[in-house]
Amino acid sequence: MAVLETVVIAFWAMLPAYVPNNAAVLAGGGRPIDGGRTWSGSRILGDGKSWRGTFAGILAGLLLAGALTLVADDVSAAIGFEVPAFTPLAAVGLAAGAMLGDILASFVKRRTGRERGAMFPGVDQLDFVVVSLPLTALLATEWFFEWFTWGVILVVVVLTPILHVTTNVIAYKLGLKNEPW
Ligand code: CTP
Ligand code: MG
């Protein structure tokens, strides 16, 4: 597979996992998931993980997966190679897995003494990949192994931190996010 094709497929296949984080930032606020509860002196998750942000994020990922699926055939014909249409379970795995990964990362951050918004290099950039890919492999096994070849996975691991840093710096400069990470 040509490198450009691999990059395009990786980006396309990951879009339903990328968008939930951004949608959560835009929609976030309101009741925190942990209800304000603490565990051994620190918040379980913190105010940065809200119900509204989480559901908005998952919904945005699902809607995007639906929209990409509608145009997948036309786009494939136009570019001369196939990009994936998403099965419902693949969409759920990617979108819900991304939000779950982000939530688990906050759990780990609070347990390691990091306040809300503190930087955690590596974890901030890849938390959603680490959960969304295995969850999708579990929920939509056949679909996952058809599209997530080793080459695609390698591109995802390299591309995701770059995209994450870029979009967060933009969101910070636009005043949408409190920190540029
Ligand atoms: N957000 C949300 N619900 C989520 C994820 C994010 O409401 N499940 C919103 C919150 O307003 C959050 C913002 O998006 O402050 C930025 O997300 P993130 O960087 O993940 O949260 P932080 O505030 O940095 O908190 P943490 O240290 O727990 O990551
Ligand atoms: Mg953060």
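Residues numbered from 1 in each chain as written. Chains lettered and ligands numbered in written order. Predicted model: local features only at pLDDT ≥ 70, side-chain atom pairs only at ≥ 80, totals over all residues. Heavy atoms only, no water.

Some details on the nonpolar core
What counts, and what does not: Residues belong to one nonpolar core when they are buried, are Ala, Val, Leu, Ile, Met, Phe, Trp, Tyr or Cys, and are joined through side-chain atoms within 4.5 Å. We call a residue buried when its accessible area falls under 20% of the maximum for its residue type, exposed when it is over 50%, and partly exposed in between, using a 1.4 Å probe and counting protein chains only. Helix and strand definitions here come from DSSP, where helices need a minimum of 4 consecutive H or I residues and strands a minimum of 2 consecutive E residues; each element is numbered from the N-terminal end. By definition, residues are in contact when any of their heavy atoms lie within 4.5 Å.
If you look at the biggest cluster of nonpolar residues, it comprises 31 residues, and the most contacted ones within it are Met-14, Trp-143 and Phe-148. The set of elements that each furnish at least two residues to this core consists of helix H1 (3-27), helix H2 (51-79), helix H3 (88-111), helix H4 (123-139), helix H5 (141-147) and helix H6 (150-173). Here this core takes eight residues from H1, the largest share from any one element. Not counting chain neighbours up to four residues away, the residues in contact with Met-14 comprise Leu-94, Val-129, Ser-132, Leu-133, Phe-148 and Val-156.

What to know about H2
We count it as follows: The span expected for a helix works out to 1.5 Å for each residue beyond the first. Bend at a given residue is defined as the angle between two axes, one fitted to the seven residues that end at that position and one fitted to the seven that begin there.
If you check H2, its first and last C-alpha atoms are 39 Å apart, about what 29 residues at 1.5 Å a residue would give, namely 42 Å. The axis of H2 is deflected most strongly, by about 50 degrees, at Ala-72. Buried within H2 are the following residues: Gly-53, Thr-54, Gly-57, Ala-60, Gly-61, Ala-65, Leu-68, Ala-72 and Ser-76.

Some thoughts on the packing of H4 against H6
Where we set the bar: The axes are straight lines fitted to the C-alpha atoms, using for helices just the contacting stretch, and the angles between their N-to-C directions are given from 0 to 180°. What sets the label is the angle itself: under 35 degrees gives roughly parallel, over 145 gives roughly antiparallel, 65 to 115 gives roughly perpendicular, and the rest give oblique. In this scheme, a crossing is called left-handed if the near helix is turned counterclockwise away from the far one by less than a right angle; it is called right-handed if the turn is clockwise. Three residue categories are used. Nonpolar comprises Ala, Val, Leu, Ile, Met, Phe, Trp, Tyr, Cys and Pro, charged comprises Asp, Glu, Lys and Arg, and polar comprises the others, including Gly.
Two elements in contact, H4 and H6, have axes separated by 9 Å at closest approach and are oriented at 130 degrees. Relative to H6, the element H4 lies oblique. Of the two possible hands of crossing, H4 and H6 adopt the one that is right-handed. Contact residues: Asp-124, Gln-125, Leu-126, Phe-128 and Val-129 in H4; Val-156, Val-157, Thr-160, Pro-161, His-164 and Val-165 in H6. In the contact of H4 with H6, the residues fall into seven nonpolar, three polar and one charged.

Some words on the packing of aromatic side chains
Counted only if it meets this: Classification of ring pairs rests on two measures: the distance between centres of Phe, Tyr or Trp rings, Trp counted by its six-membered ring, which must be within 6.5 Å, and the angle between planes, read as stacked under 30 degrees, edge-to-face over 60 and tilted in between.
Per the counting criterion, the structure on display carries eight aromatic pairs. An angle of 25 degrees between the planes, with centres 6.0 Å apart, marks the rings of Trp-39 and Phe-107 as stacked. Of the two residues, Trp-39 is situated in strand S1 (residues 38-39) and Phe-107 in helix H3; the sequence distance between them amounts to 68 residues. Both rings, one in Phe-86 and one in Trp-143, keep their centres 5.5 Å apart while their planes meet at 35 degrees; by these two values the pair is tilted. Residue Phe-86 is located in the loop between H2 and H3, and its partner Trp-143 is located in helix H5; the two are separated by 57 residues in the primary sequence. Here Phe-86 falls in the buried class, since its relative accessible area comes to 7%. One aromatic cluster is present, built from ring pairs that chain together Phe-86, Trp-143, Phe-144, Phe-145 and Phe-148.

So, the pattern of salt bridges
Side-chain pairing between opposite charges can occur once the charged atoms of the two side chains come close. Worth spelling out the cut-off: Criterion for a salt bridge: a side-chain nitrogen of Lys or Arg within 4 Å of a carboxyl oxygen of Asp or Glu.
If you walk through the whole model with that rule in mind, you get four salt bridges. The salt bridge involving Arg-43 is made with Asp-34; its shortest N-O contact spans 2.8 Å. For Lys-49, the salt bridge goes to Asp-102, with nearest N and O atoms at 2.8 Å. Residue Lys-49 is located in the loop between strand S2 (42-43) and H2, and its partner Asp-102 is located in helix H3; the two are separated by 53 residues in the primary sequence. For Lys-49, a relative accessible area of 11% translates into the label buried.

Let's talk about the site of ligand 1
The condition that has to hold: If even one non-hydrogen atom of a residue comes within 4 Å of a molecule or strand, that residue is called near it. Residues adjacent in sequence count toward polar contacts only when both atoms are side-chain atoms; beyond that, a polar contact is any pair of N or O atoms within 3.5 Å, and within protein one must be able to donate a hydrogen and the other to accept it. Here the accessible surface of atoms and residues is derived via Shrake-Rupley with a 1.4 Å probe, and residues count as covered only by protein chains that are part of the display.
Near ligand 1, the surroundings consist of 17 residues, among which Lys-49, Ser-50, Ser-106, Lys-109 and Arg-116 are the closest. Thr-54 has a polar side-chain atom sitting 2.9 Å from a nitrogen atom of ligand 1. For ligand 1, whose accessible area on its own is 560 Å², the fraction buried by protein is 91%. Looking at the shell around ligand 1, the elements with two or more residues in it are H1, H2 and H3. In terms of residue count, H3 provides more of the shell around ligand 1 than any other element does, four residues in total.

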